[in-house]
Amino acid sequence: MFGIIDCNNFYASCERAFNPNLEGKPIVVLSNNDGCVIARSNEAKALGIEMGTPAFQIATYAQSQGLIAFSSNYTLYGDISERVVAAIASMVERYEVYSIDECFVDLSGYEKITADVYEYAWMIQQRIRRWTGIPVSIGVAPTKTLAKVANRRAKKNPLLGGIVVLKHESEIRRALDGFDIGDLWGIGRKYVNKLKALGCEDALHLSQQREEWVRKIMTVQGVRLLKELQGFSCIELELVPDRKKAICCAKSFGEYTDNRETVSEALANYAATCAKKLRKEGSIANMLTVFITTNYYSLVDAQYSATKTIHLDKATNYTPDMIHQALKALGLIWKDGFKFKKVGCIVSGLQPEEFRQAQLFTDIDWEKEQAAMKALDTVNGWYGRDKVKVAAQGYKRDWKMIQERLSPCYTTRWKDLLTVKCK
DNA sequence: TCTGGGGTCCTAGGACCC
DNA sequence: TCTGGGGTCCTAGGACCC
């Protein structure tokens, strides 16, 4: 049996866990630059606030509805996520961290502890709540896809206590009957349109289609989905996370800009971040892509966006090289006179650093570079991010994002630790 | 009339996920 | 005025190899 453990309204719940005053109140967490809503408490959902709603559209809700908004605090959410995983790992042997707020678990063998898999799921749920303050929903079923279906039911119906087990064929059938195909794992908007146009209305109906029919519309991934809905597990638990195949760092500017210096400085920082993430993965990149874009929502500004990929002479994760190449790529696509909204850097063609192709004449550089990067990462690890950096990364940060409602880093910064008063 | 068989690598585009 | 960021997988087509 597969279980999927999904944190309820995760970012909103993280904010709440450290600020009990927020209990029962409508809260939302905003995207970078405080742009749009990316998480909502149940109370905020009840106000009709949709995922992705632009922040300015709900600006008056603070006054009229008592809505409280937060800038996103990924340092906090990342740390809480790790704690949730630690709680899970203390209770199951095999698990797969699927996203920042979801974890698949293998629940086979629960019989040794409890008579009933529901009860075991309940124990996991309680422990996570007690250890982290985060409420979770758990769906259990014979396949990952069905576990997702079960989880959705658990979330939809508060009376179920946040846990749904789909074990017998009749239970699965009942769950799929009337289940919107758009809510299935692996079916997005395009497929919903296609399938509905062909008369496929709910998940039960889809699960009864012929394999060839599904393959024609949704290729082989659709066939896997079909099998999973029928109870044949096709998507295994991935216990060891794969090495990343690409790493991307890109952000919108707090204030749109036509200034090349500002854009270059931002890009240098994103390239440096890519290099740092590469080193953390133990990988090197063979290609680097830079893209810039204006604000495509604007009806009045002139629009321009461009992408440039550079194949590197030698695969690397050396920050100065990365920045140098990124700025070179930017130079090839830069155009004056446009108000840019976003710049970004993607490194791809990644390979493990240990399989690096040595250079015939200049290979001595590699060891020097790695030593320098090790020193850089160590110093910054001790004294804080970017304490030591490349000059091109600048210090003005004119391009920084807007985060007006940022909560403290309760668990990762000494001065942000909560003080508890005892009476 | 008839013109082999079996592969790899790369890229762009489309779909999806959280 | 104001609309996020970071990923994965699959397919088709072109270019190339022996």
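Residues numbered from 1 in each chain as written. Chains lettered and ligands numbered in written order. Predicted model: local features only at pLDDT ≥ 70, side-chain atom pairs only at ≥ 80, totals over all residues. Heavy atoms only, no water.

**Student:** Just to check I follow, could you spell out the pattern of salt bridges for this structure?
**Tutor:** Opposite charge on two side chains lets them pair, provided their charged atoms get close. All told, the structure shown has 18 salt bridges when counted by the stated rule. Linking Glu 212 and Arg 210 is a salt bridge whose minimum nitrogen-to-oxygen distance equals 3.6 Å. A relative accessible area of 55% means that Arg 210 is categorised as exposed. (Salt bridge = Lys/Arg side-chain N within 4 Å of Asp/Glu carboxyl O. Buried < 20%, exposed > 50% of the residue type's maximum accessible area, 1.4 Å probe, protein only.)

**Student:** Even after reading the chapter, I still don't get unusual backbone geometry, so can you show me in this structure?
**Tutor:** Negative phi characterises most residues that are not glycine, and trans characterises most peptide bonds. The backbone phi angle of Asp 34 is positive, close to 50°, even though this residue is not glycine. Inspection of the secondary structure assignment puts Asp 34 in the loop between strand E2 (27-30) and strand E3 (37-40). Judged by relative accessible area, which is 12%, Asp 34 ranks as buried. The residue Arg 397 is not glycine, and still its phi comes out positive at about 50°. Inspection of the secondary structure puts Arg 397 in the segment after helix H13 (364-383). (Helix = DSSP H or I, 4+ residues; strand = E, 2+ residues; numbered from the N terminus.)

**Student:** Honestly, the sheet that holds E2 in this entry has me stumped. Any pointers?
**Tutor:** Spatial ordering of the open sheet is given by E3-E2-E4, a layout of three strands whose pairing is mixed. This sheet does not close on itself; its edge strands, each paired only once, are E3 and strand E4 (68-71). Averaged over all pairs of adjacent strands, the angle between strand axes in this sheet comes to 30°, irrespective of strand direction. Bridge analysis of E2 against E4 gives four bridges, and the strand direction is parallel. Looking across to E4, one finds that Ile 27 is bridged to Ile 68. (Pairing = 2+ DSSP bridges. Axes fitted to C-alpha atoms, helices over the stretch in contact; angles between N-to-C directions.)

**Student:** What exactly am I supposed to notice about the protein's contact with DNA strand B here?
**Tutor:** Within the structure, DNA strand B sits among 14 residues, and Asp 101, Glu 102, Lys 148, Gly 188 and Tyr 191 are positioned closest to it. Protein-proximal atoms of DNA strand B, defined as those within 4 Å of the protein, fall in sugar or phosphate at a share of 100%. Separating a sugar or linking oxygen of DNA strand B from a side-chain N or O atom of Ser 99 is a distance of 3.4 Å. At 2.9 Å from a phosphate oxygen of DNA strand B is found a main-chain nitrogen or oxygen belonging to Tyr 191. With three residues, the single largest contributor to the surface near DNA strand B is helix H8 (residues 189-197). Class assignment of the residues belonging to the surface near DNA strand B gives a composition of five nonpolar, four polar and five charged. (Near = heavy atom within 4 Å. Polar contact = N/O pair within 3.5 Å; in protein donor to acceptor, adjacent residues only side chain to side chain. Nonpolar A, V, L, I, M, F, W, Y, C, P; charged D, E, K, R; others polar.)

**Student:** Teacher, can you tell me more about helix H10 (residues 211-229) here?
**Tutor:** Spacing of three or four residues puts side chains on the same side of an α-helix, whose turn is 3.6 residues. Across its 19 residues, H10 extends only 12 Å between first and last C-alpha, which sits more than 12% below the 27 Å expected from 1.5 Å per residue. Of all bends in H10, the biggest is about 135°, found at Met 218. Taken as a whole, H10 has its buried residues at Val 214, Ile 217, Met 218, Gly 222, Val 223, Leu 225, Leu 226, Glu 228 and Leu 229. Looking at the packing, one finds that the buried side of H10 touches helix H6 (144-156), helix H7 (169-176), H8 and helix H9 (203-207). (Expected span 1.5 Å × (residues − 1). Bend = angle between axes of the 7 residues up to and from the residue. Contact = heavy atoms within 4.5 Å.)

**Student:** It is not clear to me how the protein's contact with DNA strand C should be interpreted in this structure. Could you clarify?
**Tutor:** Within the structure, DNA strand C sits among 23 residues, and Arg 224, Cys 248, Ala 250, Ser 252 and Tyr 256 are positioned closest to it. Lys 341 is positioned with one of its side-chain polar atoms (N or O) 3.3 Å from a phosphate oxygen of DNA strand C. At 3.1 Å, a side-chain N or O of Lys 342 approaches a phosphate oxygen of DNA strand C. Of all the secondary structure elements, the ones that give two or more residues to the surface near DNA strand C are H10, strand E9 (246-257) and strand E12 (340-352). Sort the elements by how many residues they give to the surface near DNA strand C and E9 lands first, with eight residues. Residue classes in the surface near DNA strand C are distributed as 10 nonpolar, seven polar and six charged.

**Student:** What should I look at first to understand the environment of His 311 in this one?
**Tutor:** Along the chain, the position of His 311 falls in strand E11 (residues 305-316). Measuring from C-alpha to C-alpha, the distance between His 311 and Asn 286 comes to 6.1 Å, with 25 residues separating the pair along the chain. Residues in contact with His 311, not counting those within four places in the same chain, are Asn 286 and Met 287.

**Student:** Even after reading the chapter, I still don't get the packing of H6 against H7, so can you show me in this structure?
**Tutor:** Each pair of packed helices can be described by the angle between their axes along with the distance between the axes. Two elements in contact, H6 and H7, have axes separated by 11 Å at closest approach and are oriented at 65°. Judged by the sense of rotation from one axis to the other, the crossing of H6 with H7 is left-handed. Across the interface between the two elements, Leu 146, Val 149 and Arg 153 of H6 pack against Ile 172, Arg 174, Ala 175 and Leu 176 of H7. (Left-handed = near helix turned anticlockwise from the far one by under 90°.)

**Student:** Whenever I open this one, a positive patch on the surface confuses me. Can you help?
**Tutor:** On the surface, Lys 276, Lys 277, Lys 280 and Arg 385 cluster together into a positively charged patch. Checked against the element boundaries, Lys 276 lands in helix H11 (residues 260-281). Look at Lys 276 and you get partly exposed, because its relative accessible area is 37%. (Patch = residues over 30% accessible without salt bridge, like charges linked within 9 Å, V, L, I, M, F, W, Y side chains within 5 Å. Areas by Shrake-Rupley, 256 points an atom, 1.4 Å probe, with all protein chains shown as cover. Lys, Arg positive; Asp, Glu negative; His and termini not counted. Charge placed at Lys NZ, Arg CZ, Asp CG, Glu CD.)

**Student:** Would you take a moment to explain empty space enclosed by the protein for this structure?
**Tutor:** The rolling of a water-molecule-sized probe over the atoms marks out the regions of remaining empty space. This structure, assessed with the given rule, holds one cavity of 30 Å³ or more. A volume near 50 Å³ is recorded for the largest cavity. Contributions of two or more residues to the lining of the largest cavity are made by strand E1 (2-7), helix H4 (74-89) and strand E6 (102-106). The element contributing the most residues to the lining of the largest cavity is H4, with four residues. When the residues that make up the lining of the largest cavity are grouped by side-chain class, the tally is seven nonpolar, two polar and two charged. (1 Å grid on protein atoms, 1.4 Å probe; cavity = no way out; pocket = protein on both sides within 12 Å on 5 of 7 lines; lining within 4 Å. Points joined across faces, edges and corners; volume = space filled by probe spheres on them.)

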